[in-house]
Amino acid sequence: MDAARFLEKLRVGVGREGQILHVEEIAAREARFAKLDPPLPPPLRTVLQGLEICDLYSHQARCIDESRAGNHVTVVTSTASGKTLAYTLPVLEAVLADPKATALLLYPTKALAQDQLRGLLRMAELSAPLADCLHTGTYDGDTPQHTRRKLRDEGNVLLTNPDMLHSGILPYHTKWSRVLANLKFVVVDEMHAYRGIFGSNVANVLRRLRRACRHYGADPQFFLCSATIANPRELGERLIGAPVALIDEDGSPRGAKKFALWNPPFVDTGRMDRRSSNVEAHVLLTELVKERVQSICFSRARVTAELIHRYTQEALTREKPELARRVRAYRGGYLPKERREIEKALFSGDLLAVSSTNALELGIDIGSLDASVMVGFPSTVASLWQQAGRAGRGREESLAIFIAYNDPIDQYLMRHPEYLFAQSPESAVIDPENPFILSAHLQCAAFELPLTDGDAELFGPLTSDLTHLLEDHGRMRRVDGKSYWANTDFPARQSSLRHASQDTYTIVEMAADVGAGSAYRPQTGPDFKPPAKGDAKVIGNVDAISALELLYPEAVYLHDGETFVVRHLDLEGKTAYVERREVDYYTTPVLEHFVLLRGTRETGEYAGTPIGFGDVTVTWFTAFFKKIQFFSADSIGFGNLNLPPQEIETTSMWIGLTDEMRARLKQRGKNPIDGLSGLRNLLISVIPLFAMCDRADIGGVIDSKNLGKATVFLYDRFPGGLGFVEHAFRRPEEIFRACWELVRECPCATGCPSCVGLPVLRPAQHQDPDVGGAWPIPDKEAARMILEALLSAELVF
Amino acid sequence: MIDLSRLARDLGMISRRRAEDAGNGGTPGSWNENRAAVSQHSNRWNHEAAVAFAHESLLDLPGAEVMEVAGEPVFAVRRDVDELYPEGNVAQAMRAAVERAAAQDSDAPRTLAEVVVLDLETAGFWGNPLFVSALLFEEDGRLQTLQLMTRTYSEEGAVVRATVQILRERPNLVTFNGKSFDVPFLSERAAYHAVDFDRGALRHKDLLHPARKEFRGYFPNCKLKTLERMLFGIRRIGDIPSNEIPAVFHEFIATGYLERVRDVLHHSRMDLISTGLLMGKLGETLREKAESA
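We now turn to the structure provided with this report. (Residues numbered from 1 in each chain as written. Chains lettered and ligands numbered in written order. Predicted model: local features only at pLDDT ≥ 70, side-chain atom pairs only at ≥ 80, totals over all residues. Heavy atoms only, no water.)

Side note on the overall build of chain B
- On a plain count of helices and strands, chain B comes out with eleven helices and seven strands.
- Within chain B, the proportion of its 293 residues that are buried is 55%.
- Pairs at least 24 residues apart make up 68% of the contacts formed inside chain B by residues separated by at least 6 positions. (Helix = DSSP H or I, 4+ residues; strand = E, 2+ residues; numbered from the N terminus. Buried < 20%, exposed > 50% of the residue type's maximum accessible area, 1.4 Å probe, protein only. Contact = heavy atoms within 4.5 Å.)

Here it is, written out as structure tokens:
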């Protein structure tokens, strides 16, 4: 595509209100090659010839050198840099040299694994000797039984995912003794995906894998591939528990890219409200589709992806109806069949545009796309670059457009493009030794092999205490100095790797005239009669925590551009019954929560203000919901709810106000609670940049009951805490300064969603962030005064 | 069932302790200091003595002994089949089957002494340990059951090794559903304990398949319990259901309570004897097929 011409067209057309704030020109890059010494064996040279590859890129050659030397390797590259070859070649080399050697290739999702398998099979087709010795396949939930047996008995290159490794392979390691005893390589692709809860769990799964291999006498080499993050070596070493060699120079070529920052214009003279980013996104997507530019649009929330798809389809139906069907929506929670269809249509070019959540962020081979539109900051710069990287495979020019939300961090990035283009992105943080996480994996490990004192080397210093604790609770029993699994449970199925809650809710569509009640008078409780099998079909699923915030009775649920209304939520059966309805509004939940301080670990004073760190119990629930009209984003009503609360015990950092501060605020006619609200919102926005977590990983609440006066409590949204707010507690200066800059630089008068606003108590991942305008905004100046007091800066206006 | 809220509270204590230690820069504290405070409900009685007592009581079971197999002690219960089931004529039936088979097939074993029936009771499906390894064979002219039992977790290896040793000496194996379960299960436990177990050297006859062929349509199903009742009039009274056996394994190790273990051993013997009788009933060649590894 001709990105420059398209941007010009936008500048005078739909972008004429000055939305394009900045265009970064990313230059094309030439390839750098390197030779291997000794060269690859003949079958692999044949394969490369068949793939029309004459030389290896420098980083590919280095990867092969390091793995030949027997080291664990971490390689950092951008999308489409040929990283797959970087690890496939060493694996295939090993298999060709030793017919008994085996390798395990791990991908975060089944879809990715299946995609990579296609690549491997294509390689095998190019060389008969390779095809003869390669026995490969994916081993996951979709694999049929007889194929599973064949792979276990004969397979040498097996592709799977951490969830399968955790509950489908390691507990049955005796069936896998041949594979594990001969395991030479373990490839961990998309390493940066393994952060936060998921990463902390996967780190333990990999330790269990190393332990099982050790039992059979093997010590495999690890090969980890990551997108660009600031701490790849650290993450690699934390994931596997061993030192790694780092390769982070990228020898692959790339075409030129134009990266535009797009800020929706203000719609009011008070300069508080911006036009909806979802509306901007669909306008851009429509223009791209009309131009026949194959594009992908990323949004943070399912609801948003669905909305943008819907708006785009409606616009195309008005302006170019023949193109309307060439846009689809894509997210997790769809059934596998639907996902495959969409992927195929993209690859063939039949689909011109996809409105997606981050589900497509990972490297699925969907062919070349020319443009990538990103709606809202996807919580890390690494993710943003991955999303931008979906456009522009090969040497063609490509376009990336980042549309900001009216949201503190997005607006901050609009004003500070250097954060995106100059600074290296954030670090990924995991905490494999969080007691809740570790204890689940120690149980799994005990089921696999009895725990011994030597296991503390792998799992950390808490191992001994946790083992004794689990023995006391009857999970394990110590016999002859080893701790054996002592009950009939199957621990791997009692824990999930990805969520704090491991259940999912099923969404069942029922016909409108079936059963008592209707969408407008939903029936809950004993009066609801579930439909007969023939009258209902499963259309998707969501995880249990989100279910209570997305599928409450009367909720409007969007699926594939269609609206459904929830008629009944069965909490015990974990099923939501929905009915298709044409409505012109959507619903958004309002959450309430409470905090109880259980114990203080540390206290401090920051510029005279008390701050503390300790343990709390947080309880929250969906109190009621609002109905918001499409397009206008007006609130048109409320609905009541009666759902059970959710509770976690976690760690928290809190900040109070001194009496002096409170007096000063009151003197200026400011409400201290208002100021604290603003402060809380700023902290929730800013802490993720420093503590390197997702915004949804922390929460904040203002409470007066615990300490006798109004206090902001910020907490990790994971039992036991993951270290995020603790991180903030230990570096208050940095955090308060960033908050202060944010609020000071904001052009608004009294406060707006892009500084102190968005008082969403718990940014549930399904809530449309664009709805911020429906909430009251705290007083900007009150928050600024508090921050200045904290920083002991003079009151500057 | 685990008390999750208590576990959570106790884990919270460990969290706090971790923070304190991180703050102090000291080494992680010993759990034992706080154990009494935290686990008030755990048994304070002397577990080692209880275990010793339980193992001694086991020896009071009829036929119980600690035998040596390949230089290792293994707990075993040995019973004479004719004593257990005098009117059954089990040995006779089995001998006749062997003779019939030998007459038709030169590769089949010639005498009953070369044959062994195997039935495993386990602490669950794949991934769980072996509980009772039960064998039925003829020694010194008398048909006997030999049940090797894992009395505590660390003894499983010995039971596996002993079983593999016996199968090495008597590779003509008869089972009921052994192809799908018992032999693969034993294989896995052997792999776990790094015991050399050559499945290929076995001449394995799994009676499930010929039973299905011969009795299809006659009986409601082909379960061993159904066949033994229909074919031999055996009615088990108060038999322990198979799905309760894993819990008995863990309970015995935890409490030393013997009664349910008795039930398991009885159930296991009944399974062996019925398999032996079934072998006699099925008029087929006891032809061995080398089991592919």
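Section: the sheet that holds strand E4 (residues 73-76) of chain A
All names here are of chain A.
- Here we have seven strands laid out as an open sheet, ordered E6-E7-E5-E8-E9-E4-E10, and parallel in their pairing. Two strands bound the open sheet, and with one partner strand each, they are strand E6 (136-138) and strand E10 (245-247). If you compare each strand with its neighbour and ignore which way they point, the axes differ by 15 degrees on average. (Pairing = 2+ DSSP bridges. Axes fitted to C-alpha atoms, helices over the stretch in contact; angles between N-to-C directions.)

Remarks on the packing of helix H6 (residues 156-169) of chain B against helix H7 (residues 178-192) of chain B
Residue and element names in this part refer to chain B.
- Look at H6 against H7: their axes get within 10 Å of each other, and the N-to-C directions meet at 120 degrees. Accordingly, the angle class assigned to the pair H6 and H7 is oblique. Of the two elements, H6 crosses H7, and the hand of that crossing is left-handed. Residues Glu156, Val160, Thr163 and Leu167 of H6 form the contact with H7, whose own contacting residues are Leu186, Arg189 and Ala190.
- Considering only residue class, the contact of H6 with H7 consists of four nonpolar, one polar and two charged. (Parallel < 35°, antiparallel > 145°, perpendicular 65-115°, else oblique. Left-handed = near helix turned anticlockwise from the far one by under 90°. Nonpolar A, V, L, I, M, F, W, Y, C, P; charged D, E, K, R; others polar.)

Observations regarding the pattern of salt bridges
- The final tally for this structure, using the stated rule, is 55 salt bridges over all chains.
- In this structure, Asp250 of chain A engages Arg29 of chain A in a salt bridge whose closest nitrogen and oxygen atoms are separated by 3.4 Å. Placement of Asp250 of chain A in the loop between E10 and strand E11 (257-262) and of Arg29 of chain A in the loop between strand E1 (20-26) and strand E2 (33-34) is noted, with a sequence separation of 221 residues between them.
- On the accessibility criterion, Asp250 of chain A (11% relative accessible area) is buried.
- Each member of the salt-bridge network shares a partner with another, and the members are Lys225, Glu228, Arg236, Asp239 and Asp271 of chain B. (Salt bridge = Lys/Arg side-chain N within 4 Å of Asp/Glu carboxyl O.)

With respect to the nonpolar core
Residues and elements named next belong to chain A.
- The biggest cluster of nonpolar side chains holds 75 residues, and the ones touching the most others in it are Phe259, Phe402, Leu420, Leu683 and Leu787.
- Among all residues touching Leu683, those that are not within four sequence positions of it are Ile655, Pro688, Ile698, Leu714, Ile735, Phe736 and Cys739.
- In this structure, Leu104, Tyr139, Val202 and Met476 belong to the second largest nonpolar core, which totals 57 residues. (Core = buried A, V, L, I, M, F, W, Y, C linked by side-chain atoms within 4.5 Å.)

Notes on the packing of helix H4 (residues 83-97) of chain A against helix H5 (residues 110-125) of chain A
Residues and elements named next belong to chain A.
- As a packed pair, H4 and H5 sit with axes 12 Å apart at the nearest point and diverge in direction by 55 degrees. As judged from the angle between their axes, H4 and H5 are oblique. When the axes of H4 and H5 are compared, the crossing they make is right-handed. Two secondary-structure elements touch here, H4 through Thr84, Leu85, Tyr87, Thr88 and Leu92 and H5 through Gln116, Leu120 and Met123.
- Of the residues that constitute the contact of H4 with H5, the class distribution is five nonpolar, three polar and no charged.

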